[in-house]
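If you want the building blocks of each chain, they are given just below.
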Amino acid sequence: MNDYIAEFTGLLSQLDAEERSEVVDFYTEYLQDGNFTAYNDCVRELGTPRQLARKVLADYSIKNLQADQSSDKQSRAAKPKDNVKTVWLIILAVLSTPVTIPLASG
């Protein structure tokens, strides 16, 4: 099992240290709880370390993509408010022109 976890850990270099530690701890506990001690037992249960690493990295990619999309939605929600403010400023500028032009020329 240790060889499996070591190989799996080496394939997770794209994750930051905290995420990598969480994932490795999870699968280590999973294999210990299931009494999977031999490398081949681990492969039968979870697939090769490369397959498992690809699955984990894909899951993290989807999670990050969803987080990016939700932040885009939040920024889009703020834009209409900014547009409304701009429209009101333009309307106020146009309406105040009859007052401001004589003051500016005087």
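For the structure itself, look to the data block above.
Residues numbered from 1 in each chain as written. Predicted model: local features only at pLDDT ≥ 70, side-chain atom pairs only at ≥ 80, totals over all residues. Heavy atoms only, no water.

Draft legend 1. Quick look at the pattern of salt bridges. This structure, assessed with the given rule, holds one salt bridge. In this structure, Asp41 and Arg44 form a salt bridge, with 2.3 Å as the shortest nitrogen-oxygen distance. One end of the pair is Asp41 and the other is Arg44, both in helix 3 (residues 39–46) and three residues apart, which spans about a single turn. On the basis of relative accessible area, Asp41 is assigned to the partly exposed category, the value being 22%. (Salt bridge = Lys/Arg side-chain N within 4 Å of Asp/Glu carboxyl O. Helix = DSSP H or I, 4+ residues; strand = E, 2+ residues; numbered from the N terminus. Buried < 20%, exposed > 50% of the residue type's maximum accessible area, 1.4 Å probe, protein only.)

Draft legend 2. Inspection of helix 1 (residues 2–10) at higher detail. Along helix 1, the residues that are buried comprise Tyr4, Ile5 and Phe8. Buried positions in helix 1, seen along its axis, are confined to an arc of 95° and lie on one side of it. In helix 1, the exposed positions angled more than 90 degrees off the buried face are occupied by Asn2, Asp3, Ala6 and Gly10. (Arc of directions from axis to C-beta.)

Draft legend 3. Here's a closer look at a negative patch on the surface. On the surface, a cluster of negative charge is made up of Asp16, Glu18, Glu22, Asp25, Glu29 and Asp33. Of note, Asp16 is situated in the loop between helix 1 and helix 2 (17–33). Given a relative accessible area of 43%, Asp16 falls into the partly exposed group. (Patch = residues over 30% accessible without salt bridge, like charges linked within 9 Å, V, L, I, M, F, W, Y side chains within 5 Å. Areas by Shrake-Rupley, 256 points an atom, 1.4 Å probe, with all protein chains shown as cover. Lys, Arg positive; Asp, Glu negative; His and termini not counted. Charge placed at Lys NZ, Arg CZ, Asp CG, Glu CD.)

Draft legend 4. Expanded view of the packing of aromatic side chains. Across all of its chains, the model carries three aromatic pairs by this definition. Their ring planes at 65° and their centres at 5.8 Å tell us that Tyr4 and Tyr39 sit as a pair that is edge-to-face. Taken together, the residues span a long stretch of sequence, with Tyr4 in helix 1 and Tyr39 in helix 3 at a distance of 35 residues. Classification of Tyr4 by relative accessible area gives buried; the value is 0%. With a centroid separation of 5.6 Å and an interplanar angle of 80°, the aromatic rings of Phe8 and Tyr27 are classed as edge-to-face. With Phe8 in helix 1 and Tyr27 in helix 2, this residue pair connects regions lying 19 residues apart in the sequence. The pair formed by Phe8 and Tyr27 is uniform in burial state, with each residue classed as buried. (Phe/Tyr/Trp six-rings, centres within 6.5 Å; stacked < 30°, edge-to-face > 60°.)

Everything listed here is a matter of coordinates, which is why it stays silent on function.
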